[in-house]
Amino acid sequence: MFKKIFTLLFVALIAALLSSEISQAQTTYKKDVYPLFAITPMAGIQFPIGTLNDNYKLSFNAGLEAAMRINRETAFFLKAGYYNMPRKSDMGPGPDANYIEITAGPRYVLTSPKVKAQLFVEAGIGAYMFMTREWTDPYGTVISSTTKTNFGVNGGPGVIIPMGSVADFMLKAKMHYTFEDGGAHTFLSTEMGINFKL
């Protein structure tokens with residue numbers, strides 16, 4: 001399964017890079033005035049890993065990110081994200097769940113005057129809220145929803161593809177790791193969005 005996921009991500013990244021014509025680009029950088037601000041609505045797919053994968057199946061995610069770029073190579077981001085975690089039907093009755101992420105961290109951007117697309121790597125830390133929804137067990141008992149907040153970290157690569165002076169296209173993949181009582185939860189997210197420059 002992971003081989004297919006990483007193959008898909010690799011193909012998407014190569015397609016994005018080729019569409020930006022990085023091998024023949026003759027981009028002229030204008031004089032940017034820093035800091036630069038951007039807001040990015042995002043959506044994608046999340047893939048549970050390990051113990052999360054035992055009970056939950058892959059589904060969608062969505063989020064909103066604000067970023068401040070302090071120079072050509074360095075930026076900082078703040079993100080709020082929602083990750084849907086529907087329960088696997090073959091696991092028997094139980095609650096669906098979701099994660100809400102509020103994280104922040106640095107982003108390092110690889111830039112070149114001859115390359116339009118900008119590769120980057122980023123890492124974030126913050127709060128992850130794991131919520132199970134209300135459900136009814138086989139005996140008719142209603143089990144209340146629960147919410148648990150834990151510390152978590154994330155990181156991964158991405159690419160920003162320029163589309164104009166107003167917005168760029170962003171594509172990234174991140175590994176999320178949350179510290180739980182008696183163990184940890186891990187999931188992978190792939191996301192794409194429109195990076196609106198402010």
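You'll find the structure just up there.
Residues numbered from 1 in each chain as written. Predicted model: local features only at pLDDT ≥ 70, side-chain atom pairs only at ≥ 80, totals over all residues. Heavy atoms only, no water.

Asks: Just give me the short version of the pattern of salt bridges, but keep the residues and values in it.
Replies: All told, the structure shown has nine salt bridges when counted by the stated rule. Across the pair glutamate 65 and arginine 107 runs a salt bridge whose closest N-O atoms are separated by 2.7 Å. Of this pair, glutamate 65 sits in strand β2 (residues 59-69) while arginine 107 sits in strand β4 (residues 97-110); the two residues are 42 residues apart in sequence, bridging distant segments of the chain. The residues glutamate 65 and arginine 107 share a single accessibility class, namely buried. Across the pair glutamate 122 and lysine 172 runs a salt bridge, and its minimum N-O distance is 2.8 Å. Placement of the pair is glutamate 122 in strand β5 (residues 118-132) and lysine 172 in strand β9 (residues 167-180), with a sequence separation of 50 residues. On the accessibility criterion, glutamate 122 (4% relative accessible area) is buried. (Salt bridge = Lys/Arg side-chain N within 4 Å of Asp/Glu carboxyl O. Helix = DSSP H or I, 4+ residues; strand = E, 2+ residues; numbered from the N terminus. Buried < 20%, exposed > 50% of the residue type's maximum accessible area, 1.4 Å probe, protein only.)

Asks: I'd like to hear about the sheet that holds β9, residue by residue, with values.
Replies: In a beta sheet, neighbouring strands are held together by backbone hydrogen bonds and run either parallel or antiparallel to one another. As summarised here, the arrangement of the eight strands in space is β1-β2-β3-β4-β5-β8-β9-β10, forming a closed barrel in which the pairing is antiparallel. Taking the axes of each pair of neighbouring strands and ignoring which way they run, one obtains an average angle of 25° across the sheet. Pairing of strand β8 (residues 146-162) with β9, which is carried by nine bridges, proceeds in the antiparallel orientation. If you follow asparagine 154 over to β9, its bridge partner there is histidine 176. (Pairing = 2+ DSSP bridges. Axes fitted to C-alpha atoms, helices over the stretch in contact; angles between N-to-C directions.)

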